[in-house]
Amino acid sequence: MAFQLDNIQPSKTINSKASTNVESILNKEIVVLKKPFSNKIKEAFYGELSVLLNAGITLKQALELIVNSQKNKKTKVVLEAILKAIVNGESFSEAIQVYKDFSDYEYHSIRIGEETGTIPKIAQQLGEFYAKKNEQRRQLINALTYPSIILSTAILVVIFMLQFVVPMFQDIFKQQNVELPAITQFVVNLSNVVRDYGWLMLLFIFSGVVANLLLKKKEWHKRMKDNLLTKIPFVGKFLKTVYLSQFTQSMMLLTASKVPIVESVNLVKKMIDFYPLTKALNDVEHQIVKGQSLSNSLEKHDIFDDRMITLIKVSEETNQTEYIFTKLNTLYSTKVQNSSKMLSTLLEPFIIIFIGVFVGFILIAMYLPMFKLSSII
């Protein structure tokens, strides 16, 4: 994206206080309904903002450049409202606080940057945070996409066999009055269930997808879903690593901004959408308020491994919290990359073997009566 400094226009004067309030309300409604700021957009926004601020441009001018170069209309509406609030005398942190698309973590980070005069550095850190978060999301999707495609295709093949192939053999066996072995009878019964109640299965799957979309913000649904995911072999361990990487990265940035540990844990808890970690951080926060150290509080929860607890304990004794969380973040980020490659490598043969065994079972079940029929003939 190329920025043109000549395109910076002076801010328009506000005609009346009433019109400002109306426009502000309209803008807020648009944001709440359409949610224009995704993690990908935030990565680009903070990255561009840090480049412009480090180049010596004022915050107002930087926002004007970003607004003028913004192609996403919904995002542009929000940025224009933020820019107008800053022109009216509000701080950057106050301007973004009214929008739900910006988290408490962003608000407090920017507020600290304003108080310490380090807004360019804070913007750079936020850009790096969302860049790494998006990268981890891509790694997770890449690790699960190929095995999911193989599994879906294999399931469709099995359903096709039960729906069309098995009934053909069943008609032959009926015509010849062949006594069916137990495994063949099992497959025939399974085929009948698929033919008679297949539509109910599809309806159940569709209802599950809709229910997941409607209930995804409910705490009990998050608890049930995330606890179930953690029990899946390989996948559960990989998810824990991904969210621990996000935890260490958030703590690294917050400690670098000199945010107190209690407040840092509280902000990270609100940012991470993984129930086992969120619940653990909630307990850790209460333990710290009661006077416990961070390492002792983390030690009571299985989701935090011994290496993390040991290094954090060392950081507390040496007053090197920022440095230790930086090293932990590097460690877990590398582990996420390696785990994503290993996950896709391991899942593929397991799925192929599982489906191969199932398809082979169906074929053997269908051919056993054929052998018996040929011996009778």
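What you are looking at is a predicted structure, and each value in this text was computed from that prediction instead of being measured.

Bringing the overall build of the chain into the picture now. Check the secondary structure of the chain and you find 15 helices and zero strands. A buried classification covers 39% of the 377 residues belonging to the chain. Contacts in the chain between residues at least 24 apart in sequence constitute 66% of all its contacts with a sequence separation of at least 6. For the chain, the accessible surface area stands at approximately 21,800 Å², while carbon and sulfur atoms represent 60% of it.

Right, let's talk about a nonpolar patch on the surface for a bit. Among the surface-exposed residues, Val193, Tyr197, Trp199, Leu200, Met201, Leu203, Phe206, Val210 and Leu214 lie close enough to one another that they form a single nonpolar patch of about 920 Å² accessible area. Relative to the helices and strands, Leu203 resides in helix α8 (residues 182–215).

This next bit is on the packing of helix α6 (residues 104–116) against helix α11 (residues 261–271). Across the interface, α6 lies against α11 with an axial gap of 8 Å and an inter-helix angle of 140°. When the interaxial angle is binned, α6 and α11 end up oblique. Contact with α6, carried on its side by Asp104, Tyr105 and His108, involves Glu263, Leu267, Lys270 and Met271 of α11 and no other residues of that element. For the contact of α6 with α11, the per-class residue count stands at three nonpolar, one polar and three charged.

Every buried residue belonging to helix α3 (residues 59–69) is among Ala62, Leu63, Glu64, Leu65, Ile66, Val67 and Ser69, and all of these are buried. The inward-facing, buried residues of α3 abut α2 (39–54) and α4 (73–87).

As for its placement among the helices and strands, Ser69 is situated in helix α3. Separated by 3.1 Å, the side chain of Ser69 and the backbone oxygen of Ile66 make a polar contact.

Turning next to the confidence of the model for the chain. With 89% of its residues at a pLDDT of 70 or more, the chain has an overall mean of 80. Every residue in residues 1–34 scores below 50 in pLDDT, and together they form 37 contacts with partners more than four places removed in sequence or on other chains.

This part covers a positive patch on the surface. A grouping of Lys100, Lys216, Lys217 and Lys225 is seen on the molecular surface, where their side chains present a positively charged patch. You can call Lys225 partly exposed: its relative accessible area is 32%.

So, on to helix α14 (residues 306–318). Look at α14: 18 Å from first C-alpha to last across 13 residues, which is about the 18 Å you get at 1.5 Å a residue. Residues Met308, Ile309, Ile312 and Ser315 constitute the buried set of α14. Taken around the axis of α14, the buried residues stretch over an arc of 120°, which confines them to a single face. Those residues of α14 that are exposed and aimed more than 90 degrees away from the buried face are Asp306, Arg307 and Glu317.

Let us look at the packing of aromatic side chains. Following the criterion strictly, the structure yields eight aromatic pairs and no others. When the ring of Tyr46 is compared with that of Tyr130, the centres are 6.2 Å apart and the planes differ by 10°; the resulting orientation is stacked. On the criterion of sequence distance, the pair formed by Tyr46 in helix α2 and Tyr130 in helix α7 (residues 119–176) is long-range, its members being 84 residues apart. Both residues of the pair, Tyr46 and Tyr130, count as buried. Between Tyr243 and Phe274, the ring centres sit 4.5 Å apart and the planes meet at 5°, which makes this aromatic pair stacked. Of this pair, Tyr243 sits in helix α10 (residues 235–256) while Phe274 sits in the loop between α11 and α12 (275–289), and the two are 31 residues apart along the sequence. Of the two residues, Tyr243 and Phe274, neither departs from the other in class, the shared state being buried. Clustering of aromatic rings is evident, with ring pairs tying together Phe45, Tyr46, Phe129 and Tyr130.

Although it is not a glycine, Asn319 adopts a positive phi angle of roughly 60°. Along the chain, Asn319 turns up in the loop between α14 and α15 (321–376). For Asn319, a relative accessible area of 67% puts it in the exposed group.

What follows is about the environment of Leu368. Tracing the backbone through its elements, the reader meets Leu368 in helix α15. Using a relative accessible area of 34% as the deciding quantity, one classes Leu368 as partly exposed. Leu368 sits 185 residues away from Ile183 along the chain, and the two C-alpha atoms are 9.1 Å apart. Leu368 has contacts with Pro181, Ile183 and Thr184, leaving out every residue within four places of it along the chain.

Cut-offs and rules
Residues numbered from 1 in each chain as written. Predicted model: local features only at pLDDT ≥ 70, side-chain atom pairs only at ≥ 80, totals over all residues. Heavy atoms only, no water. Helix = DSSP H or I, 4+ residues; strand = E, 2+ residues; numbered from the N terminus. Buried < 20%, exposed > 50% of the residue type's maximum accessible area, 1.4 Å probe, protein only. Contact = heavy atoms within 4.5 Å. Areas by Shrake-Rupley, 256 points an atom, 1.4 Å probe, with all protein chains shown as cover. Patch = residues over 30% accessible without salt bridge, like charges linked within 9 Å, V, L, I, M, F, W, Y side chains within 5 Å. Salt bridge = Lys/Arg side-chain N within 4 Å of Asp/Glu carboxyl O. Axes fitted to C-alpha atoms, helices over the stretch in contact; angles between N-to-C directions. Parallel < 35°, antiparallel > 145°, perpendicular 65-115°, else oblique. Nonpolar A, V, L, I, M, F, W, Y, C, P; charged D, E, K, R; others polar. Polar contact = N/O pair within 3.5 Å; in protein donor to acceptor, adjacent residues only side chain to side chain. pLDDT = per-residue confidence, 0-100. Lys, Arg positive; Asp, Glu negative; His and termini not counted. Charge placed at Lys NZ, Arg CZ, Asp CG, Glu CD. Expected span 1.5 Å × (residues − 1). Arc of directions from axis to C-beta. Phe/Tyr/Trp six-rings, centres within 6.5 Å; stacked < 30°, edge-to-face > 60°.

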